[in-house]
Amino acid sequence: MKGFRYLTGVATLGLDPGKCMGCGRCVEVCPHQVFDLDNRMARIRDLDACMECGACSRNCPAIAVRVDSGVGCATGFMHEWLRGRKLSKDGRRCCP
Amino acid sequence: MSYLVPAGLYALGTPDYADPVLVTANYKMSYDLVRRALPGRNLWLLVLETNGVNVWCAAGKGTFGTEELVRRIEATRLPDVVSHRRLILPILGATGVAAHEVERLTGFAVSYAAIRIDDLPEYLDNGMVTTPAMRELTFTFRERLALVPVELVLALKNLAAAGALLFFLAALAYGIAGGVLALVAFLGAALTGIVVAPLLLPWLPGRSFSMKGAIAGFAWVAVLFFVRGYLASSYLLTVAALLALPAVTAYYTLNFTGCTNFTSPSGVKKEMRIAVPVMCGAVVLSIILLLIDWLIRHSGGVF
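These remarks concern the structure in this document. What you are looking at is a predicted structure, and each value in this text was computed from that prediction instead of being measured.

Points about the nonpolar core
Residues and elements named next belong to chain B.
Now for step 1: Among the nonpolar cores identified, the biggest contains 70 residues, and Phe64, Leu69, Leu87, Leu89 and Tyr112 are the most heavily contacted of them.
Now for step 2: Looking at which element gives the most residues to this core, the answer is helix α10 (residues 265-298), with 4 residues.
Now for step 3: The residue makeup of this core includes at least three contributed by each of domain 1 (8-135) and domain 2 (141-298).
Now for step 4: Val34, Leu43, Leu124 and Met134 belong to the second-largest nonpolar core, a separate cluster that totals 16 residues.

Written out as structure tokens, the structure reads:
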């Protein structure tokens, strides 16, 4: 993504080259161009661009990609934290 | 006002058994924008039940997902309506849909076409080929600007409550003028975090949102300083303002992570582990300084 970079060295994304079949689905679904195909094998070319949305792992038929996916939303984490300590009964998160 | 379109299979133009099938959410805006982007074409539009939520958010929750897509294909008898076995999905729907599962369960192959609806005509005209640009997210000034009013409305209740309390306490301690000043300083810091920092996001230094916000907050303090010629009537008040105002801006800027399309949960958690204690510490310290200042003023020279 042009013009925007977030924190480096945090993404939980991992690829098992032994399982990859080279179908290219991960390249197709990633909105941040994290993957490319190298000699008919997926490769992580830009780990720090990963926003952990989970589209790649969900669409990998070989279960070669894994990531702890979720939404990177501070408001959501704050609500979660407050609910976990019974400080808030607010059931909704930041989004509807 | 309803933002829902009933889920189901819709015909755009007069499609026949060979025409493409596009899949979208039953958020009225998604549905309308798809229709508007493809005038004069014959297409099938399969609308999934996402409870009126857009594709990206619904995919994150799983309502725009494999299960609903498979169910909707069966409910609309899509295999009897079209002769081909291909579905065209938005790329941002991939978070919820497992293409290989859909194909295994229904026989329909999934193609993730583009991120933006506006790219659909080109995609369809070019033999359904996705160009690299169709796959790349953007977060332009205009796109960020569109998010600001929503964020403002969401913050309004808390801002009003905090602002009223602050005004009341400051007016009690320093008179009406002090109350007004505290209110203006606070609201300015909050609005810098809700409006200014998101708009200036790529140009504010640092990677973490709280850092960008703190810098914007210091800029707001500088504005106050230049307008008034000084910040506050005592050193203690000045330090208190320098601590609390950037913390308020940083807090609201940090909350903008939920509106962006490039922050990972791991990154946000890492940033929060440092930023939240620092922000809370700054505010607590600021309150202690304010109390000391108040005590000194009202102690009649005992201090």
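That was the structure; now back to the text.
A short note on the sheet that holds strand β4 (residues 86-89) of chain B
Residue and element names in this part refer to chain B.
Now for step 1: Spatial ordering of the open sheet is given by β1-β3-β2-β4-β5, a layout of 5 strands whose pairing is mixed. Edge strands, defined here as strands with exactly one partner in the open sheet, are β1 (8-12) and β5 (109-112). Ignoring which end each strand starts from, the neighbouring axes of this sheet average 30° apart.
Now for step 2: Where strand β2 (residues 21-25) lies against β4, 2 bridges are found, and the strand directions are parallel. Paired with Leu22 across the bridge in β4 is Ile88.
Now for step 3: Where helix α3 (residues 66-75) meets the sheet, it contacts β1, β2, β3 (43-48) and β4, and its direction lies at approximately 125° from that of β3.

What about unusual backbone geometry?
Now for step 1: Positive phi values are uncommon outside glycine, yet Ile63(A) reaches one of about 50°.
Now for step 2: Along the chain, Ile63(A) falls in the loop between α2 (55-58) and β4 (65-66).
Now for step 3: The exposed category is assigned to Ile63(A), whose relative accessible area is 64%.
Now for step 4: In the Ramachandran plot, Arg77(B) falls in the positive-phi region, its phi being about 55° despite a non-glycine side chain.
Now for step 5: Take Arg77(B): it is sitting in the loop between α3 and α4 (78-81).

A look at the interface of chain A and chain B
Now for step 1: Each partner contributes residues to the interface: chain A has 37 residues there, and chain B has 43 residues.
Now for step 2: Taking both partners together, chain A and chain B bury about 3700 Å²; carbon and sulfur atoms supply 62% of that area.
Now for step 3: It is Met1(A), Phe4(A) and Tyr6(A) that lose the most area in chain A upon contact with chain B, and together they represent 20% of the buried surface on that side.
Now for step 4: Put simply, Lys2(A) and Glu136(B) hold a salt bridge, and the shortest N to O gap is 3.5 Å.
Now for step 5: Breaking the side of chain A that touches chain B down by element, the ones donating at least two residues are α1 (25-29), α2 and α3 (74-84) of chain A.
Now for step 6: Partitioning the side of chain A that touches chain B into residue classes produces 22 nonpolar, 9 polar and 6 charged.

A short note on the pattern of salt bridges
Close approach of charged atoms allows side chains with opposite charge to pair.
Residue and element names in this part refer to chain B.
Now for step 1: Scanning all chains against the criterion turns up 15 salt bridges over all chains.
Now for step 2: Notably, a salt bridge pairs Arg35 with Asp32, separated by 3.2 Å at the nearest N-O pair. Separated by 3 residues within a single helix, Arg35 and Asp32 lie in helix α1 (residues 28-37), roughly one turn from each other.
Now for step 3: Here Arg35 falls in the partly exposed class, since its relative accessible area comes to 40%.
Now for step 4: One salt bridge in this structure joins Arg297 and Asp293, with 2.7 Å as the shortest N-O distance. Residue Arg297 and its partner Asp293 are both found in helix α10; the two are separated by 4 residues, about one turn of the helix.
Now for step 5: Judged by its relative accessible area of 39%, Arg297 falls in the partly exposed class.
Now for step 6: Each of Glu67, Glu68, Arg71 and Arg72 takes part in salt bridges that share partners, so that together they form one network.

Here we look at the packing of α3(A) against α10(B)
When two helices pack together, their arrangement is given by the angle between their axes and by how far apart the axes lie.
Now for step 1: In contact at an axis separation of 10 Å, α3(A) and α10(B) are set at 65° when each is read in the N-to-C sense. As summarised for this structure, α3(A) and α10(B) are arranged roughly perpendicular, according to the angle between their axes. The handedness of the crossing between α3(A) and α10(B) comes out as right-handed. Each of Ala74(A), Phe77(A) and Met78(A) in α3(A) lies in contact with α10(B), whose residues at this interface are Pro265(B), Val268(B), Lys269(B) and Met272(B).
Now for step 2: Taken together, the residues of the contact of α3(A) with α10(B) break down into 6 nonpolar, no polar and 1 charged.

Concerning the environment of Pro20(B)
Now for step 1: Within the element layout of this structure, Pro20(B) appears in the loop between β1 and β2.
Now for step 2: For the pair formed by Pro20(B) and His84(B), sequence separation is 64 residues and the distance between their alpha carbons is 8.3 Å.

Observations concerning the environment of Arg85(B)
Residue and element names in this part refer to chain B.
Now for step 1: Counting through the fold element by element, Arg85 comes out in the loop between α4 and β4.
Now for step 2: Residue Arg85 is classed as partly exposed on the basis of its relative accessible area, which comes to 33%.
Now for step 3: For the pair formed by Arg85 and Gly281, sequence separation is 196 residues and the distance between their alpha carbons is 59 Å.
Now for step 4: Contact partners of Arg85, with chain neighbours within four places excluded, come to Pro79, Gly107, Phe108 and Ala109.
Now for step 5: For Arg85, the side chain forms a polar contact with the main-chain oxygen of Val82, separated by 3.0 Å.

How each quantity is defined
- Residues numbered from 1 in each chain as written.
- Chains lettered and ligands numbered in written order.
- Predicted model: local features only at pLDDT ≥ 70, side-chain atom pairs only at ≥ 80, totals over all residues.
- Heavy atoms only, no water.
- Core = buried A, V, L, I, M, F, W, Y, C linked by side-chain atoms within 4.5 Å.
- Buried < 20%, exposed > 50% of the residue type's maximum accessible area, 1.4 Å probe, protein only.
- Helix = DSSP H or I, 4+ residues; strand = E, 2+ residues; numbered from the N terminus.
- Domains from an automatic or database assignment.
- Pairing = 2+ DSSP bridges.
- Axes fitted to C-alpha atoms, helices over the stretch in contact; angles between N-to-C directions.
- Contact = heavy atoms within 4.5 Å.
- Buried area = accessible area lost by both parts, 1.4 Å probe.
- Salt bridge = Lys/Arg side-chain N within 4 Å of Asp/Glu carboxyl O.
- Nonpolar A, V, L, I, M, F, W, Y, C, P; charged D, E, K, R; others polar.
- Parallel < 35°, antiparallel > 145°, perpendicular 65-115°, else oblique.
- Left-handed = near helix turned anticlockwise from the far one by under 90°.
- Polar contact = N/O pair within 3.5 Å; in protein donor to acceptor, adjacent residues only side chain to side chain.

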